[in-house]
6 protein chains.
Amino acid sequence: MANETVFKRYPNNPVVTPASVSRANSIHNSAIVKYGDGYAGIFRVDEIDFSFKMHLGFSTDGIDWDIEETPLHMTPEHPGILPHARTYDPRLTEIDGTFYFTWCHDSNQGPCIGLATTTDFKTFIQREDIMPPANRNCVIFPRKINGKYAIYHRPSDRGHTPFGDMFYSTSPDMVHWGTHRFVFGTVDKSWQSTKIGPGPAPIETDEGWLLIYHGVWTSCNGYLYYAGGALLDLDEPWKVIARTRDYLLAPSEIYERVGDVPNVVFPSAAVVNGETLRLYYGCADTNVGMAEAEIPELIAFIKERSL
Amino acid sequence: MANETVFKRYPNNPVVTPASVSRANSIHNSAIVKYGDGYAGIFRVDEIDFSFKMHLGFSTDGIDWDIEETPLHMTPEHPGILPHARTYDPRLTEIDGTFYFTWCHDSNQGPCIGLATTTDFKTFIQREDIMPPANRNCVIFPRKINGKYAIYHRPSDRGHTPFGDMFYSTSPDMVHWGTHRFVFGTVDKSWQSTKIGPGPAPIETDEGWLLIYHGVWTSCNGYLYYAGGALLDLDEPWKVIARTRDYLLAPSEIYERVGDVPNVVFPSAAVVNGETLRLYYGCADTNVGMAEAEIPELIAFIKERSL
Amino acid sequence: MANETVFKRYPNNPVVTPASVSRANSIHNSAIVKYGDGYAGIFRVDEIDFSFKMHLGFSTDGIDWDIEETPLHMTPEHPGILPHARTYDPRLTEIDGTFYFTWCHDSNQGPCIGLATTTDFKTFIQREDIMPPANRNCVIFPRKINGKYAIYHRPSDRGHTPFGDMFYSTSPDMVHWGTHRFVFGTVDKSWQSTKIGPGPAPIETDEGWLLIYHGVWTSCNGYLYYAGGALLDLDEPWKVIARTRDYLLAPSEIYERVGDVPNVVFPSAAVVNGETLRLYYGCADTNVGMAEAEIPELIAFIKERSL
Amino acid sequence: MANETVFKRYPNNPVVTPASVSRANSIHNSAIVKYGDGYAGIFRVDEIDFSFKMHLGFSTDGIDWDIEETPLHMTPEHPGILPHARTYDPRLTEIDGTFYFTWCHDSNQGPCIGLATTTDFKTFIQREDIMPPANRNCVIFPRKINGKYAIYHRPSDRGHTPFGDMFYSTSPDMVHWGTHRFVFGTVDKSWQSTKIGPGPAPIETDEGWLLIYHGVWTSCNGYLYYAGGALLDLDEPWKVIARTRDYLLAPSEIYERVGDVPNVVFPSAAVVNGETLRLYYGCADTNVGMAEAEIPELIAFIKERSL
Amino acid sequence: MANETVFKRYPNNPVVTPASVSRANSIHNSAIVKYGDGYAGIFRVDEIDFSFKMHLGFSTDGIDWDIEETPLHMTPEHPGILPHARTYDPRLTEIDGTFYFTWCHDSNQGPCIGLATTTDFKTFIQREDIMPPANRNCVIFPRKINGKYAIYHRPSDRGHTPFGDMFYSTSPDMVHWGTHRFVFGTVDKSWQSTKIGPGPAPIETDEGWLLIYHGVWTSCNGYLYYAGGALLDLDEPWKVIARTRDYLLAPSEIYERVGDVPNVVFPSAAVVNGETLRLYYGCADTNVGMAEAEIPELIAFIKERSL
Amino acid sequence: MANETVFKRYPNNPVVTPASVSRANSIHNSAIVKYGDGYAGIFRVDEIDFSFKMHLGFSTDGIDWDIEETPLHMTPEHPGILPHARTYDPRLTEIDGTFYFTWCHDSNQGPCIGLATTTDFKTFIQREDIMPPANRNCVIFPRKINGKYAIYHRPSDRGHTPFGDMFYSTSPDMVHWGTHRFVFGTVDKSWQSTKIGPGPAPIETDEGWLLIYHGVWTSCNGYLYYAGGALLDLDEPWKVIARTRDYLLAPSEIYERVGDVPNVVFPSAAVVNGETLRLYYGCADTNVGMAEAEIPELIAFIKERSL
């Protein structure tokens, strides 16, 4: 296969398939973190009635997963917070021992960002939604910045949004959000020309925040999804230090090219083991794949191939 | 493979491929019935000039097919009935020893439903078209209901109709049609959210008319086709008793995912052998596949997974 | 004003404005016939909540109208016939002392043709809908043809249908309709290039059925509506004898150019007084206008300016 | 003219035309409040190069206006706040002697809500934008609710957004916003079927918050804009007490039907004089019109004609 | 009326209406030159069957026009040149006593540029088309440049082209064209944001070629047309010296706002009388209007208000 | 595999994959000619930053290719000719020992045809662009016709042009082009119904010019590309002698069905070895495939299966 750059695909990909859950039509864009001695995950499970659910999963090595048969249950923080019928594309961040997780849900006014917290992956408290609709792809930073919580997110529209740029916003309390800053957008005539959006939560490095993101190109047959990388200023994370002109991953393996949506790699979770970054990504909206890169090589690649 | 429910795919699928006819580009959505000691079929053969023809085929076991090299010939009932240049998606029904078959043809005003009859699969009499354009997916009931012939059909528009609900209509004479009744439509945020349409002719059971139908979902890369099931009232067949929320079949095998139109299963014929329902379906607009279910299990599934 | 051909506009146009009914936003495409010593009309009244109703009106001269404040009430012929919430664009035809009237209503599957009868303009019996959706602009012939009731109508789609051709269909019983015949369609690069549809009910003449119809052209600012005329074979009314290449009426007066939908003349009713044809037409989807032509001149015009 | 309900148009409408400012192409959707002994206004002035500016204006009676020739100047609160190149559709609210005003500006990521404050209509301090793009039609409540500032606003997309529902959000500091609540949306098959948005700032009454809003209908020739009214709960303003099914104002006068965008009434400011509500509204995207209603009659109308 | 800049509209506008030709639906975008002691014109006459014809007209003062009842007749230069069925938007240029005129015709592959010559406005020789489809708005320079004939033109697509930039091309023989140069295109967020195109043939001045052109803006109700001006290098006419940011003319009079296409001013011919430039322009796709400017003021305006 | 006609695919297809160039995302629609003792090629290499480059390649047998790592370099003939940033889909023709090659480049006004010449595949002189934008798929004839250079080309629009017919044009000097003749267009309801375009340069035969071209069909999932063939008059090459109704090649192998754009065969180069025509074609916008046919059989096929 061509197109291999600093990421090496796991040879037995995909690591999770719909066979893991009885009612699954597909299991793809999912959130995974290190937890206890192993790994915990919140998996996007699209069921055979096309209800979109999130299921808990656990693994000792991050490869073999035990995914629960029933969807994850949340308790609202107060009665004004309503349950969401259709949830997808979770992202997970740990801040001081608490796991914050966001997801997208389809409100009557378009996709919207939900928020919940857990400390034990058993009890989940649902909080206020982070933005009004329409919004997608919200990831929380792993620490406060200048005394405020911080996120990357993407304002959207309803439907298969044909555009999308990334914003940075902050909050004193995880309820009220403001000081919105444009971070970066699309690049004309490229694999990231239709829209872009943050993938896993940013990773702090000496060189800046390391962000893996997705970019979308529209061929005459629809959307194709790619993965790119960026480095952003540690104190003012809306300032771009470097950002890949070359992609990091492109759909090329058969399990990335053939599935419910052909030609999709969608990065959604990253785990750091020493100098190795392990990336989990959705494959053709059907499976979960994994690929690994050495962080110094990855940072060098982003800086050398920067726009 | 995931996604297997009460239907078991024939392991040597597809049962018919374009190799069966010299001029075939694809052979897919086709009509098959029991006839004599074996099976007769009317196959949709899209030729290498993209003319859409119907060809006769015969088989002793319904698996190995002998398909004629030249298209089926019809004689008009009277001179006002004109031949159709472009015909596709046939459906077959036997009523009292006569086989009625409908198909879709592309008139200047959009797709339209043709009708013909045969008793011997040698002579075919073409009758008046059943509806004005635009209409698709017309199936005839295997007996009169309340003294009238009855059909399910789907009003459409021109082109790749982005909507579609099913109607029930009746006729005293197979020429004039009326008493149009809405039966059921699409289901928001599901595999049947874009349009639905009847598949094989309805099968009479103690629990009601058993109907296999297709449902369409629109991803950011176009249409995907699924199979669902319904039970309908025996005397008033526009009344729904039960209808699947979970799909019965989804595109998941390579021959269903890769072809002229990726990700299509299109049910078009059903044959009953004792308690077994054998379903024939188009695969990726390229081949014909087959899958079988036990009728009691299928009915139970439809009732348990009903919307 | 330019554009005057054989029709002479009534100098005090419009003859009906929204001021005639308290809750009217607009009163436009309406049905008018001679009745008793004067005229009876069924008016399309779009209310200030955008509910679309039909109101009865009466006039001694066809110019000064007394329109009822409350919508027309119908009694269903049998319980299977449901009331319509949103009705518009009525057409009226007398056959042997009974007045048949059709209208369009917005069903969940698109616009659909309703049917009712009256003999006294007090009691109205609602009958079976004439066609399944989507259909528009159905007019009934004033007598049976070859022993069957007959109509012109236009198969449509949902929404602002961007196409439309006229069909002829017949019925033994005003319930079941068949023998659909294409009559005529659009004319490329003309005022009738987007869609066409029948206007008032056809008028029998020695030269054939005289039909006034509307044609639509799409500019870079949307649809414009014009009136044209046709002569059709008395016994086989799907056969066109002559059909105007030149339009009969075009939006040109200020009350036709400015209103809820600019640039619309929509013919919907015709009354014959001796050799004079009085045409009623909707103006800019806001008012009702009137224009008159001498029938011999009109027929000569249609024949001389025929496509 | 028909269509007059509880509002009476000022007979010499329009009150402001492009003739008031040398470089104006049009002056329409504008903000007006009582100030000192008279009135102050912030006017939307689209110039002859299609730059969109806001100009200050003053009037003793609210009818005769003196509008400044040069655009309003703002000073940013801190250097991170950038000037906006293209501003339009201002709204004004007084809270405890400070005037807050919002407007829409075209950012690279779509329309976005700007915020500024003044106490003397001479010095204007520009604050943090209220929401990330895309958002339109933000109005600030005239007092805190449950200790927080509150707004109505409409999430949008880029371009001529073909949808739009109203949301309620709160803030402790006019910088960070959260607790987003859906208020109300469109009404199928009505003058408010495409999108809706808040008009002037809400007015507190014994019966609840009185809100005038706009609704949009899409004909086959594009958008038409209407005015409606609503009453909302004083403590939980996302709860609707009553909301007009009938419109309050529809485009019907020539200056509302003919202009840069035909058929537009766009309410943008309301001033209370005793029991009289004076409404200012944009006319055909070209002029400013005025109409008055008695508040008790207006409230009664909203309650009686409620959805 | 506002919006008057250096151009003064003729007070009795429009100067030509459909009343001038019996079969005219509209007479608008037309070509006019000085000829003999007066003026000659080639008028776009859209007839009442929507055939688009060109008619000759003559006038002693350029205001009162005598337009011929029958369309202009052309003789092909050789048999390979076919007559055009549907012609519109003519432009006229004199070179050394020969009048060259171009027009647009609707070929099966889209709009295309026709060419003919005359010396006496009686005999017209049709030449080879200037470009393959799709192309619009071709104007010929009044002298050779660097030994070659030269044009401005606009590559287009089929239908209501939603884009359009101006090109310069040259020819040794008026048959073969090459050395295509981009001249200028649209300006984001302005009255010239959708497309632009040359109006009358360029006028040579000491300051460069003076070009009046049209610009199009797309509101939520479709296209609006404006007039702007440019100065271009005398020897390398693809190089822009100055180009208006402010428009020269905007639709504002009732005859420019109301008509077959509302809100259109379309400049198509210019005549120089001493220092006065007389501009003829289409009004709302219905009439011909006229406005005059002093050339020194016009050039000053273009230079001062340049982008 | 079905669908094999007179062309036999090379069994080890694809002959070129992205693995041949380090920075390649894909290598597909490419130009190949015989040169010296072997073959020379200009390959379309889309890089991993989605820049589109052309790379030189050489081969002794036309199967094993040595493709250069850096893009081909061109020298402009004169300073008015600017370099092109984004080039793709090259075609090559030899005339009297000089190799002319055309390609498509993305100008700001849409795709446009570049031209260059070489005699040694080391030095390349870039010439004037052949047509103004938008144009695609230009191929040069291998000799002058009636004393002029000649091409086939396709006028296009910007983006994924949803139409396209082929034109013939001539030039005395390879700079100025004229005498545009429509050659042939699409065929309704076929594999060539959306658009068509010339493939390799025409090949002279006793029976006329032999042209392999591509045809596009639009399914509900986007575009599919096929190969067809035509014979054209030797002296008047816009006159069609025969043209395939049946396609020559359809996407059916896995490397033609799965890739960046599924279901594409795009013929771009042909080499004649005795009576054998070797065709090179792009596969799924990812690889280069090869297939061979005997020319007498191919000509017979085109004549027998002609439209």
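In this report, the structure presented in the accompanying data block is examined. (Residues numbered from 1 in each chain as written. Chains lettered and ligands numbered in written order. Predicted model: local features only at pLDDT ≥ 70, side-chain atom pairs only at ≥ 80, totals over all residues. Heavy atoms only, no water.)

Turning our attention to the overall build of chain A. Each helix and strand counted, chain A has two helices and 23 strands in total. Taking 307 residues into account, the globule formula puts the C-alpha radius of gyration at 19 Å, and chain A, at 18 Å, falls close to it. Referenced to the eigenvectors of the C-alpha coordinate spread, the extents of chain A come out at roughly 50 × 45 × 40 Å. Counting every position in chain A, which comprises 307 residues, the buried fraction comes to 69%. The contacts in chain A between residues at least 6 apart in sequence include a share of 51% that link residues at least 24 apart. With an accessible surface of roughly 9,800 Å², chain A has 48% of that area assigned to carbon and sulfur atoms. (Helix = DSSP H or I, 4+ residues; strand = E, 2+ residues; numbered from the N terminus. Rg over C-alpha atoms; globule rule 2.2 N^0.38 Å. Buried < 20%, exposed > 50% of the residue type's maximum accessible area, 1.4 Å probe, protein only. Contact = heavy atoms within 4.5 Å. Areas by Shrake-Rupley, 256 points an atom, 1.4 Å probe, with all protein chains shown as cover.)

Most contacts, among the nine pairs of chains that meet, fall between chains A and D. Between chain B and chain D there is no contact, and the shortest C-alpha to C-alpha distance separating them is 17 Å. If you take every C-alpha in chain D and every C-alpha in chain F, the smallest gap between them is 19 Å, and the two do not touch.

A few words on the interface of chain A and chain B. With 21 residues of chain A at the contact, the number on the chain B side is 23 residues. Overall, the association of chain A and chain B removes approximately 1,800 Å² of surface from exposure, summing both partners, and the carbon and sulfur fraction of that is 56%. Of all residues in chain A, the largest losses of buried area upon contact with chain B belong to Ile48(A), Phe50(A) and Asp260(A), amounting jointly to 33% of the total for that side. In this structure, the connection of chain A to chain B is made through three salt bridges. Ionic pairing is found between Lys189(B) and Asp106(A), a salt bridge with its closest N-O pair at 3.6 Å. (Buried area = accessible area lost by both parts, 1.4 Å probe. Salt bridge = Lys/Arg side-chain N within 4 Å of Asp/Glu carboxyl O.)

Moving on to the interface of chain D and chain A. The partner chain A presents 31 residues to the 31 residues of chain D that form the contact. Summed over both partners, the interface of chain D with chain A comes to about 2,200 Å²; 58% of that surface belongs to carbon and sulfur atoms. Three residues stand out in chain D for area buried against chain A, namely Gln109(D), Pro132(D) and His176(D), and they jointly supply 25% of the buried area on that side. There are four salt bridges connecting chain D and chain A. Of the charged contacts in the structure, one is a salt bridge between Glu128(D) and Arg181(A), with a shortest N-O distance of 3.1 Å. Between the two partners, chain D and chain A, sit seven residue pairs in polar contact (both at pLDDT 80 or more). Elements represented by at least two residues in the side of chain D that touches chain A include exactly β13 (149-155), β14 (166-171) and β15 (176-184) of chain D. (Polar contact = N/O pair within 3.5 Å; in protein donor to acceptor, adjacent residues only side chain to side chain.)

Here we come to the sheet that holds strand β21 (residues 265-273) of chain A. Residues and elements named next belong to chain A. The antiparallel open sheet is built from four strands, whose spatial order is β1-β23-β22-β21. Edge strands, defined here as strands with exactly one partner in the open sheet, are β1 (8-9) and β21. As judged from the eight bridges shared by strand β22 (residues 276-283) and strand β23 (residues 287-294), these two strands associate in the antiparallel manner. When the bridges of β23 are listed, Leu277 appears paired with Ala293. (Pairing = 2+ DSSP bridges.)

Evaluated as defined, the whole model comprises 108 salt bridges over all chains. In this structure, the salt-bridge partner of Asp165(A) is Arg158(D), at a minimum N-O distance of 3.1 Å. Remark: Arg158(D) occurs in the loop between β13 and β14 and Asp165(A) occurs in the loop between β13 (149-155) and β14 (166-171); the pair is interchain, linking two chains. Linking Arg305(B) and Asp246(B) is a salt bridge whose minimum nitrogen-to-oxygen distance equals 2.5 Å. One end of the pair, Arg305(B), is in the segment after α2 (295-304); the other, Asp246(B), is in the loop between β20 (240-243) and α1 (254-257), with 59 residues separating them in the sequence. Residues joined by salt bridges that share partners form a network here, namely Arg23(A), Glu47(A), Asp49(A), Asp246(B) and Arg305(B).

Of all the residues in helix α2 (residues 295-304) of chain C, the buried ones are Ile295(C), Leu298(C), Ile299(C), Phe301(C) and Ile302(C). For α2(C), the angular spread of the buried residues around the axis is 160 degrees, confining them to a single face. (Arc of directions from axis to C-beta.)

To continue, consider the pairing of strand β19 (residues 222-232) of chain A. All names here are of chain A. The element β19 is extensively covered by neighbouring structure, given that eleven of its eleven residues are classed as buried. Pairing geometry for strand β18 (residues 208-219) and β19, over eleven bridges, is antiparallel. Its bridge partner being in β19, Ile212 is matched across the sheet by Gly229. Between β18 and β19, which follow one another and run antiparallel, lie two residues. Here β19 pairs with strand β20 (residues 240-243) via three bridges, running antiparallel. By the bridge assignment for β20, Leu232 is matched with Val240.

Mapping chain D onto chain A is achieved by rotating through 180 degrees and translating by 0.0 Å along the same axis, at an RMSD of 0.1 Å. Each copy turns onto its partner about a two-fold axis. Looking at chain D, 100% of its interface residues are interface residues in chain A too, so the copies touch through the same face. (Least-squares fit on C-alpha atoms with pLDDT ≥ 70 in both.)

Moving on, we come to the side chain of Gln192(B). One can find Gln192(B) in the loop between β15 (177-184) and β16 (195-198). At 3.1 Å, the side chain of Gln192(B) and the backbone oxygen of Thr244(B) are in polar contact.

Bringing the packing of aromatic side chains into the picture now. Between two aromatic rings, the relevant description is the distance of the centres plus the angle of the planes. Counted under the stated rule, the structure contains 144 aromatic pairs over all chains. Every member of this aromatic cluster is reached through a ring pair, and the members are Tyr35(A), Phe58(A), Phe99(A), Phe101(A), Trp103(A), Phe121(A) and Phe124(A). Stacked on the ring of Trp238(E), the Lys or Arg Arg181(E) has its end atom at 5.7 Å from the ring centre. (Phe/Tyr/Trp six-rings, centres within 6.5 Å; stacked < 30°, edge-to-face > 60°. Lys NZ or Arg CZ within 6 Å of the ring centre and 35° of its normal.)

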